[in-house]
Amino acid sequence: MNDVFSARRFGWLMRKVFLDKTTPVLGTILLCFTVTLIFYGLTRLLQGIPTAQNGAFTIGLPLGGTLVASVVFGYFNNNAVGTSFLTLPVSVFEKWLSGVLIVGVLYFFLFLLFFRLIDTAFVAQYHSGLNPHSPYYKEQYEYVQLFSLTGFTARVNYMMFFNFAGMMMLGSLFFNKAPFVKTALAICVLIIATFLLNLLVINLLIKNVQIAFPFSVVWIWVGTDRAALNLSPENESRIRFIFCFVLPSIFWGLSLLRLKEKEF
Amino acid sequence: MIRFENFCFGYKPGALLYRNLQLSLESGKIYGLLGKNGAGKSTLLKNLTGLLYPSSGQVSVNGFNPSGRKPSFLQTIYFIPEEVHVPALTINSYVALWAPFYPGFSREMLDNYLDKLDVKTDHKLNKLSFGQQKKFIIAFALACNTNVLIMDEPTNGLDIPSKKRFRKLISSSMHEDRLIFISTHQTRDLENLIDQVIIVDNGELLLNAPVDIIGQKLSFKIVEESYAAQAVLYEEENMYGRAVVTANIAGGESRINLEQLFNAATENPEMVKAIFKN
């Protein structure tokens, strides 16, 4: 018997997860989609489609994905449920993989599909509302385009999604009660602490610092103007690589180790 | 077979609950684990199922190390915790989702056990009362035909007729390859059911003896007020007079009262250990 992976057993597990956790998993996914749709619709009215696209994508993917990630391993706020999950005759790897597939593959691609659909609808509605005889028709038409899923904003959101979702999966295996709230607080503390520590170190090294963003840019005052000290392209690509690939791999990998070591 | 060798466990480093526990359990028997609240009963069971890991020493269940939580191990053991959870599924859906993980599962047996425990429903399981849910899980666990069945306070939440049915069902489902380990503090629920009694207190093993040996080594009797013939391990006043537990020096066998046995072991652990040492 293969104690690491069996396709048949994994199939049973996925079927069980979907039917047993229909409400929490699919419910959370639907909630994220609904919030994304509402946010897009409202922001479009108030600030226009380009802002709505960026905001809704961030709300739906990194934030929604983080919420879904907190649900997939949310077995441990109840003794009976946690015990049942850990003693189910399935390997630790398969249990972990079920969570990874739901968050990293299912939610990720479902969200992209959903977002493309609503984006297409809103953009088409905007375009159809334009007056083709207006002298500004071409500018107005080109001002609003479909959100690029390979553009800079999308890539930053993918990076945030894989980092935050990994952290949340790890957090939901550390905290038995209210894992979403506790992990979200831990992430906020980590970000604020990194920001402040970075600012402190930069202030010790450079004078006239206006603001400093970790791993990206330091703004300094030069007289009454401000200037940016950017990372060299070489270091920037290293940092990007770390945030895009190394850190997510660490967080998602650590969640496998944590699940293996989980005592309950 | 279950084996604890030099088993140590503590929830906090430096504060061990169990120290160098040596314990061996054989297949073909029903073991009753007795202990006060917080004595470490559930801790012991969780170490058996791989939900907790020993601080040092070894736990082995039919040759498996439970901490690995391998599927090949988990499909041979079923653990029913004190609080059970059933999803919003019908019996058929539950069986369709859970049973494939247990190769020995028998639908026929499940239906038979459900019938014996008087669990009948076409509705979703989460609509049942807690007692009915627990009976369903007990029936399902038995129908999985695992070699080891571990139950933590299985009779909590069961009504009086159900407790009787539970005892009958456990007895009838027993066979020589199966080991059933039942933890409880409701000693009366295990009377006439278990083959061997294990008593723990503060992480210490006070007694591990078969019921027949206990009957031979200890005497449970009603005596007169002035009785002072031998050292009394435990005594209490009840409606029949003064009930005492003493060493059995007269020979013969007396009917075991698990509650009195438990009190004797926890109040006079050294005397009880000395009696069962030989």
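The name an unreviewed UniProt entry gives chain B is ABC-2 type transport system ATP-binding protein, with Chitinophaga dinghuensis as the organism.

Naming follows an unreviewed UniProt entry, where chain A appears as ABC-2 family transporter of Chitinophaga dinghuensis.

This part is about the overall build of chain A. Check the secondary structure of chain A and you find nine helices and three strands. When the helices and strands of chain A are placed in sequence order, the string is α-α-α-α-α-α-α-α-β-β-β-α. Dimensions of chain A along its principal axes, counting C-alpha atoms only, are 70 × 55 × 30 Å. Per-residue burial over chain A gives 32% buried out of 264 residues. If you take every contact in chain A between residues at least 6 apart in sequence, the share linking residues at least 24 apart comes to 67%.

Attention now moves to the sheet that holds strand β3 (residues 225-230) of chain A. All names here are of chain A. Overall, antiparallel pairing links the three strands, which are arranged β1-β2-β3 in an open sheet. Each having just a single partner strand, β1 (209-213) and β3 make up the two edges of the open sheet. When strand polarity is set aside, the average angle formed by the axes of neighbouring strands in this sheet is 20°. Of the pairings in the sheet, the one linking strand β2 (residues 217-222) to β3 comprises six bridges and is antiparallel in character. If you follow Trp219 over to β3, its bridge partner there is Ala228.

With that out of the way, let us pick up the environment of Met151 of chain B. Residues and elements named next belong to chain B. Tracing the backbone through its elements, the reader meets Met151 in strand β6 (residues 148-152). The buried category is assigned to Met151, around which 24 C-beta atoms lie within 10 Å. Along the primary structure Met151 and Ala209 are separated by 58 residues, whereas in three dimensions their C-alpha atoms are 19 Å apart. Not counting residues within four places of it along the chain, the set of residues in contact with Met151 comprises Ile80, Ile182 and Ser183.

A few words on the packing of helix α7 (residues 152-174) of chain A against helix α8 (residues 179-205) of chain A. All names here are of chain A. Remark: α7 packs on α8, axes separated minimally by 9 Å, with the N-to-C direction vectors making an angle of 125°. With respect to α8, the axis of α7 lies oblique. α7 and α8 meet at a crossing whose hand is right-handed. Together, Phe164, Met167, Met168, Gly171 and Ser172 of α7 and Pro179, Lys182, Thr183, Ala186 and Ile187 of α8 make up the contact between the two elements. Among the residues forming the contact of α7 with α8, the class breakdown is six nonpolar, three polar and one charged.

How each quantity is defined
- Residues numbered from 1 in each chain as written.
- Chains lettered and ligands numbered in written order.
- Predicted model: local features only at pLDDT ≥ 70, side-chain atom pairs only at ≥ 80, totals over all residues.
- Helix = DSSP H or I, 4+ residues; strand = E, 2+ residues; numbered from the N terminus.
- Buried ≥ 20, exposed ≤ 12 C-beta atoms within 10 Å, placed from the backbone.
- Contact = placed C-beta atoms within 7 Å.
- Pairing = 2+ DSSP bridges.
- Axes fitted to C-alpha atoms, helices over the stretch in contact; angles between N-to-C directions.
- Parallel < 35°, antiparallel > 145°, perpendicular 65-115°, else oblique.
- Left-handed = near helix turned anticlockwise from the far one by under 90°.
- Nonpolar A, V, L, I, M, F, W, Y, C, P; charged D, E, K, R; others polar.

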